[in-house]
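Coordinates in review
Residues per chain are reported as follows:
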Amino acid sequence: MIPTLLPTYNRAPLTFTSGEGSWLTEAGGTRYLDLGAGIAVNALGHAHPALVQAITDQAQKLWHVSNLYQIPGQQALADKLVDQTFADTVFFTNSGTEACELAVKMARRHWHAKGMDDKTTVIGFEGSFHGRSSAGIAAAGGAKLTEGFGPLLPGFKHVPFGDHEALKAAIDDTVGAIIIEPVQGEGGIRPVPDQCLKGLRDLCDERDILLIFDEVQCGMGRTGRLFAHEWSGISPDIMMVAKGIGGGFPLGAVLATEEAASAMTAGSHGTTYGGNPLAMAVGNAVMDIVAAPEFLAEVTRKSGLLRQKLEGLVAIHPDVFEKVRGSGLMLGLKCKLPNTDLIAAGYAEHVLTVPAADNVIRLLPALTITEEDIDQALTRLDAAATRLKTRSHETANAG
Ligand SMILES: *Cc1c(COP(=O)(O)O)cnc(C)c1O
């Protein structure tokens, strides 16, 4: 019999009832070190006082009015994002997948308004993830996402990650946009090298193509810059943001240049909930903290510390881990034993990590993680690796 909850998730048998900073607590009081942060969502950890204050204050005044009226919090947050990025304009959504929908619609409408109705093709990269909507799965293209959901939204092509020649070969006059995560998240924490992002920008300029960055996971301070592409010195035409920007409240955004967004006139797109006063109260509070240069410098400092310690962990468990990769506090441990076994061993040691493709476990801690918690992370991951090794030896001997 089908469960009353649609069984699209294999959930761990863990139920948390409260959280604080990088820690989650079960009803019985057992604490877990949370290195997943709700899949890079709880950027400021759990129950951050500034966010609790912001949402509590707003909840007592006004939750929702619809986008038929002025929402000062939207103006404030859009102004901050425009001030800090390449973008000239911002649209607020409730999620990353809705940001993907708008990014694709915006690109197509851009060429339509220029009279180039054939420029509808969007090129994506293998191993990418852009959300679970019809546009999101079509843009990513992977079989795990698309199987059985056809007919897929037409107009998408895919090229292997990092294959410049394949990308050049895929470009024809119908290509209107290229969509890419500067650091692939679900795909196994695979950063796109800076020179490749620069090359992509040049290619898009030469061939009159809009460049869409999906910074849903790698953005909002995660790599030590407000947005990951800043490390490369180039910028996209359109950018998708979500996850960290809401700190746990459902919030996403599409940022764009004036040129890319110019065809999005009144009535061309909308959302009931997107950017409502509650979401904006939280989003503004997150932005005020994360965009501060001192905060980002701390992310970089702590990520260096964590990475160095993880390199040490890989060195002492060469039979469990292959290597560390990633950027800032978006790190992946490529495993030699099954990543899901390692994550389960982590549960036994009360540390939470997140799986990704390519047999990787993801470490996406709160950006506010403390040095003590980083030490705890290493102690627990070390214990999990030892536990797993011992078990796999026992199994091998028994067999
Ligand atoms: C999570 C994610 C999405 C989808 O975001 P939702 O809020 O789950 O819809 C899109 N792109 C990337 C890179 C993501 O990590």
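Each value, and the rule that gives it
Residues numbered from 1 in each chain as written. Predicted model: local features only at pLDDT ≥ 70, side-chain atom pairs only at ≥ 80, totals over all residues. Heavy atoms only, no water. Domains from an automatic or database assignment. Contact = heavy atoms within 4.5 Å. Buried area = accessible area lost by both parts, 1.4 Å probe. Salt bridge = Lys/Arg side-chain N within 4 Å of Asp/Glu carboxyl O. Polar contact = N/O pair within 3.5 Å; in protein donor to acceptor, adjacent residues only side chain to side chain. Helix = DSSP H or I, 4+ residues; strand = E, 2+ residues; numbered from the N terminus. Nonpolar A, V, L, I, M, F, W, Y, C, P; charged D, E, K, R; others polar. Pairing = 2+ DSSP bridges. Axes fitted to C-alpha atoms, helices over the stretch in contact; angles between N-to-C directions. Expected span 1.5 Å × (residues − 1). Buried < 20%, exposed > 50% of the residue type's maximum accessible area, 1.4 Å probe, protein only. Phe/Tyr/Trp six-rings, centres within 6.5 Å; stacked < 30°, edge-to-face > 60°. Lys NZ or Arg CZ within 6 Å of the ring centre and 35° of its normal. Parallel < 35°, antiparallel > 145°, perpendicular 65-115°, else oblique. Left-handed = near helix turned anticlockwise from the far one by under 90°. Core = buried A, V, L, I, M, F, W, Y, C linked by side-chain atoms within 4.5 Å. Near = heavy atom within 4 Å. Arc of directions from axis to C-beta.

In this section: the domain arrangement of the protein chain. When cut into domains, the protein chain gives domain 1 (16-34 + 294-398) and domain 2 (49-290). Computed from C-alpha coordinates alone, the two centres of domain 1 and domain 2 are separated by 28 Å. Tallying the contact residues gives 21 residues for domain 1 and 21 residues for domain 2. Between domain 1 and domain 2, a total of about 1,600 Å² is buried, with carbon and sulfur atoms accounting for 62% of that surface. In terms of surface lost to domain 2, no three residues of domain 1 exceed L296, M330 and R362, which account for 38% of the buried area on that side. Counting the contacts that link domain 1 with domain 2 gives one salt bridge. Between E186 and R362 there is a salt bridge whose closest N-O contact spans 2.9 Å. Taken together, the connections running from domain 1 to domain 2 amount to eight residue pairs in polar contact (both at pLDDT 80 or more). Only α11 (293-316), β13 (321-327), β14 (330-335) and β17 (360-363) provide two or more residues apiece to the side of domain 1 that touches domain 2. Grouping the amino acids of the side of domain 1 that touches domain 2 by side-chain chemistry returns 13 nonpolar, five polar and three charged.

For the rest of this paragraph, the subject is the sheet that holds strand β3 (residues 31-34). Judged by pairing direction, the sheet is mixed, and its four strands sit side by side in the order β1-β2-β3-β15 without closing on themselves. Since the sheet does not close on itself, it has two edges, and those belong to β1 (16-20) and β15 (351-352), each with one partner. In the sheet, strand β2 (residues 23-26) pairs with β3 via three bridges, with the strands oriented antiparallel. Pairing of W23 across the sheet is with L33, part of β3.

Remark on secondary structure: sheet strands pair via backbone hydrogen bonds, oriented parallel or antiparallel. Taking strand neighbours across the sheet as the criterion, the seven strands line up as β4-β12-β11-β10-β7-β5-β6 in an open arrangement whose pairing is mixed. In this open sheet, the two edge strands, each paired with only one partner strand, are β4 (89-93) and β6 (156-159). Neighbouring strand axes in the sheet, compared pairwise and without regard to direction, differ in orientation by 20° on average. Across four bridges, the pairing between strand β5 (residues 121-125) and β6 is parallel. Its bridge partner lying in β6, I123 is registered against K157.

Turning our attention to helix α10 (residues 277-290). Look at α10: 20 Å from first C-alpha to last across 14 residues, which is about the 20 Å you get at 1.5 Å a residue. Among all positions in α10, only P277, L278, A279, M280, A281, V282, G283, N284, A285, V286, M287 and V290 are buried. Lining the buried residues of α10 we find α2 (49-59), α3 (72-84), β4 and α11.

Turning to the packing of aromatic side chains, a few remarks are in order. The relation between two aromatic rings is expressed through the spacing of the ring centres and the mutual angle of the planes. All told, the structure shown has one aromatic pair when counted by the stated rule. Seen in terms of ring centroids, F16 and Y32 are 5.3 Å apart; in terms of plane orientation they differ by 75°. Their pairing is edge-to-face. Taken as a pair, F16 in strand β1 and Y32 in strand β3 lie far apart in primary sequence, 16 residues in all. Under the relative-accessibility criterion, F16 is labelled partly exposed at 28%. The lysine or arginine in question, K119, covers the ring of W111, its NZ or CZ lying 4.7 Å from the ring centre. A cation sits over an aromatic face here: R225 above W231, 5.0 Å from the ring centre.

Here the focus is the pairing of β3. Between β2 and β3, which follow one another and run antiparallel, lie four residues, and G29 among them has a positive phi close to 105°. For β3 and β15, the ladder comprises two bridges, and the chain directions are parallel. Looking at the pairing, D34 lines up with L352 of β15.

Running from N to C, α3 and α10 cross one another at 30°; their axes reach a closest spacing of 9 Å. Regarding the angle of α3 to α10, the classification is roughly parallel. α3 and α10 meet at a crossing whose hand is left-handed. Residues G73, Q74, A76, L77, K80, L81 and Q84 of α3 form the contact with α10, whose participating residues are M280, G283, N284, M287 and D288. In terms of residue class, the contact of α3 with α10 is made up of five nonpolar, five polar and two charged.

Right, let's talk about the nonpolar core for a bit. I178 and L310 are the most contacted members of the largest nonpolar core, which has 81 residues in total. Formed jointly, this core draws a minimum of three residues from each of two domains, domain 1 (16-34 + 294-398) and domain 2 (49-290). Excluding anything up to four places from it in sequence, L310 contacts V324, L331, L333, L363, L378 and L381.

Near the ligand the following residues occur: S95, G96, T97, F129, H130, G131, E181, D214, V216, Q217 and K243. At a separation of 2.6 Å, an oxygen atom of the ligand approaches a polar side-chain atom of K243. Looking at the shell around the ligand residue by residue, the class counts come to two nonpolar, six polar and three charged.

A few words now on the side chain of N284. Structurally, N284 is set in helix α10. Ignoring sequence-local partners within four residues, the contact set of N284 consists of G73, A76, L77 and K80.

Let us look at helix α12 (residues 339-348). Residues of α12 that are buried include every one of N339, L342, I343, A345 and G346, and no others. Projected onto a plane normal to the axis of α12, the buried residues spread over an arc of 160° and lie on a single side. Within two residues after α12, H350 carries a phi angle of roughly 60°, on the positive side.

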